[in-house]
Amino acid sequence: MLTTDQLRATVAWVAAQQDADGALPWFRGGQLDPWDSVEAAMALDVGGEHARAVAAYRWLADRQRPDGSWAAEYREGAESAPAAESNHAGYLAVGLWHSWLITGDEQLVAELWPAVRRGLDLVTRMQRPGGAVGWALRPDGTPDDTALLTGNASLFQAMRCGIALAGLHGEVQPDWDLAVTDLGTALRTRPEAFADRSRYSMDWYYPVLGGALTGADARDRLAADWDRFVVPGLGARCVADRPWVTGAETCELALALAAAGQRDAAIEQVAAMQHLRDEDGSYWTGLVFADDVRWPVERTTWTAAAVVLAADALSGATPAAGLFTDPIALPAAGLPDDRDDDRGDDRDDDKAADWLPGSAGTVLP
């Protein structure tokens, strides 16, 4: 599917987009949003560029607001879209846990833990009755009434990563436990809690990718809309009614397929989107296949990062390869009681710290 040298070239391209102060935008001179910047930093860690990943995480931590939020967008280091979105507030937890799995960098975990805690505390404050989390804060600081399924599925993973990080510190976060349990229930059983964005492929596969749906439920969900979103030989559509396949969505779908135990289908999707690869290892965002035109005309760090993360997950190259493909490896919070059946073994999920990799122990500040 991809050679090691090709993946190294992709990681090198992502690294080349990073600013001297650690900012990791979509591309050199472009916009930066916290979620995509974390994803790109994760790819750097997979590729052995830990110092660069640390710089990207520190850049974000230095710009976190007192309430735990970040701006939705930055340009040249300044806020260009000030809205505070819940998925941005939570995703540093995923990046830091991913970095810990690969590097065991206790200093970084201790350094960034306060930023993770502030972000997830904000997420819990933005949770609505019924479990869904509002997508953003209103100007008066209250949560918006609208909840987005994709963002909430990402937050489900982020909160479980946060609970794992809290375990490294020997801390208990009961508010997070309750919040992620209610959120998981909403994602599985309360579709009416979320805005109808079913045209978008991310709303289709993200409950699987984020770990809220596992086993047979995950496979059933992916099968139900397969023909709406998957274009054979090209990848996944971003929007069901548009002739437009996108690289990041295709690779995220591959991660969801791998999490559902459908590894061959996952490999097929990553292979299908390689038509977006450029000679320097970067990836174009998408293709309007009806016109054979790349659109938008940009190569993004987050698209390249999605390729790297999918390749790692499918090859098992790093200790973080199971972060997306084995959601039951995280703390059990938020998962249904029959989760053992999804994994196909009889392990006791109630044994303390079984989910800590290699008996990781406690990280102290």
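Residues numbered from 1 in each chain as written. Predicted model: local features only at pLDDT ≥ 70, side-chain atom pairs only at ≥ 80, totals over all residues. Heavy atoms only, no water.

### Here's the deal with the overall build of the protein
Here comes step 1: When you go through the protein residue by residue, the secondary structure sums to 16 helices and seven strands.
Here comes step 2: Taking 365 residues into account, the globule formula puts the C-alpha radius of gyration at 21 Å, and the protein, at 19 Å, falls close to it.
Here comes step 3: Along the first, second and third principal axes, the C-alpha set of the protein runs to 50 × 45 × 45 Å.
Here comes step 4: When each of the 365 residues of the protein is scored for burial, the buried share is 57%.
Here comes step 5: Here the analysis covers contacts within the protein between residues at least 6 apart in sequence; of these, 65% occur between residues at least 24 apart.
Here comes step 6: Only carbon and sulfur atoms are counted for the fraction: they give 49% of the accessible area of the protein, which is about 14,600 Å².
Here comes step 7: In the protein, which carries 30 positive and 56 negative side-chain charges, the distance between the mean positions of the two groups comes to 2 Å. (Helix = DSSP H or I, 4+ residues; strand = E, 2+ residues; numbered from the N terminus. Rg over C-alpha atoms; globule rule 2.2 N^0.38 Å. Buried < 20%, exposed > 50% of the residue type's maximum accessible area, 1.4 Å probe, protein only. Contact = heavy atoms within 4.5 Å. Areas by Shrake-Rupley, 256 points an atom, 1.4 Å probe, with all protein chains shown as cover. Lys, Arg positive; Asp, Glu negative; His and termini not counted. Charge placed at Lys NZ, Arg CZ, Asp CG, Glu CD.)

### Quick look at the packing of aromatic side chains
Here comes step 1: Within this structure, the stated rule accounts for nine aromatic pairs.
Here comes step 2: Summarising the aromatic geometry, the rings of W26 and W302 are spaced 5.4 Å apart at their centres and angled 75° between planes, so their arrangement reads as edge-to-face. Highlighted residues: W26 in the loop between helix 1 (4-16) and helix 2 (34-46) and W302 in helix 14 (residues 301-315), separated in sequence by 276 residues. Here W26 and W302 have matching classes, each one buried.
Here comes step 3: The rings of W204, Y205, Y206, W226 and F229 are connected pair by pair, giving a single aromatic cluster.
Here comes step 4: Above the ring of Y200, the side-chain terminus of R197 is found at 4.7 Å from the ring centroid.
Here comes step 5: Taking the ring centre of W284 as reference, the NZ or CZ of R299 above it sits at 5.3 Å. (Phe/Tyr/Trp six-rings, centres within 6.5 Å; stacked < 30°, edge-to-face > 60°. Lys NZ or Arg CZ within 6 Å of the ring centre and 35° of its normal.)

### Some thoughts on the pattern of salt bridges
Opposite charge on two side chains permits them to pair, given that their charged atoms come into close proximity.
Here comes step 1: Under the defined criterion, the tally for this structure stands at 13 salt bridges.
Here comes step 2: Residue D145 pairs with R128 through a salt bridge whose shortest N-O separation is 3.0 Å. Of this pair, D145 sits in the loop between helix 6 (106-125) and helix 7 (149-168) while R128 sits in the loop between helix 6 and helix 7; the two residues are 17 residues apart in sequence, bridging distant segments of the chain.
Here comes step 3: Here D145 falls in the partly exposed class, since its relative accessible area comes to 48%.
Here comes step 4: The residue D225 makes a salt bridge to R228 at a minimum N-O spacing of 3.6 Å.
Here comes step 5: D225 gets classed as partly exposed once you look at its relative accessible area, which sits at 22%.
Here comes step 6: On the basis of relative accessible area, R228 is assigned to the partly exposed category, the value being 34%.
Here comes step 7: When salt bridges with common partners are traced through the structure, they connect R128, R138 and D145 into a single cluster. (Salt bridge = Lys/Arg side-chain N within 4 Å of Asp/Glu carboxyl O.)

### Digging into the sheet that holds strand 5 (residues 244-246)
Strand pairing in a sheet relies on backbone hydrogen bonds. The paired strands run either parallel or antiparallel.
Here comes step 1: Spatial strand order, 5-6-7: three strands in an open sheet with antiparallel pairing. Only two strands of the sheet have a single partner each, and these edge strands are strand 5 and strand 7 (293-294).
Here comes step 2: Pairing geometry for strand 6 (residues 286-288) and strand 7, over two bridges, is antiparallel. Note that in strand 7 the partner of V288 across the bridge is V293. (Pairing = 2+ DSSP bridges.)

### Overview of helix 13 (residues 263-272)
Here comes step 1: Three or more residues of helix 13 are buried, namely A266, Q269, V270 and A272. What you see down the axis of helix 13 is that its buried residues fit within an arc of 160°, all on one side. Summarising the geometry of helix 13, the exposed residues directed more than 90 degrees from the buried face are D264 and E268.
Here comes step 2: On its buried face, helix 13 sits against helix 11 (226-229), strand 3 (230-231), strand 4 (235-236), helix 12 (247-259) and helix 14. (Arc of directions from axis to C-beta.)

### Some details on the environment of A16
Here comes step 1: In this structure, A16 sits in helix 1.
Here comes step 2: Residue classification places A16 among the partly exposed positions, given a relative accessible area of 41%.
Here comes step 3: Placed 18 residues apart in sequence, A16 and P34 show a C-alpha to C-alpha distance of 18 Å.

### What about the nonpolar core?
Most often, soluble globular proteins have nonpolar side chains that are buried together.
Here comes step 1: Membership of the largest hydrophobic core comes to 119 residues, with the highest contact counts inside it found for M42, Y57, W97, L165 and L222.
Here comes step 2: No other element matches helix 7, which puts twelve residues into this core.
Here comes step 3: Excluding residues that lie within four positions of it along the chain, L165 makes contacts with A93, L96, W97, V109, W113 and V116. (Core = buried A, V, L, I, M, F, W, Y, C linked by side-chain atoms within 4.5 Å.)

### Let's talk about the confidence of the model for the protein
Here comes step 1: Across the protein, pLDDT averages 93, with 92% of residues at or above 70.
Here comes step 2: Ignoring residues within four places in sequence, the model shows residues 343-361, a span with pLDDT below 50, making 30 contacts including any to other chains. (pLDDT = per-residue confidence, 0-100.)

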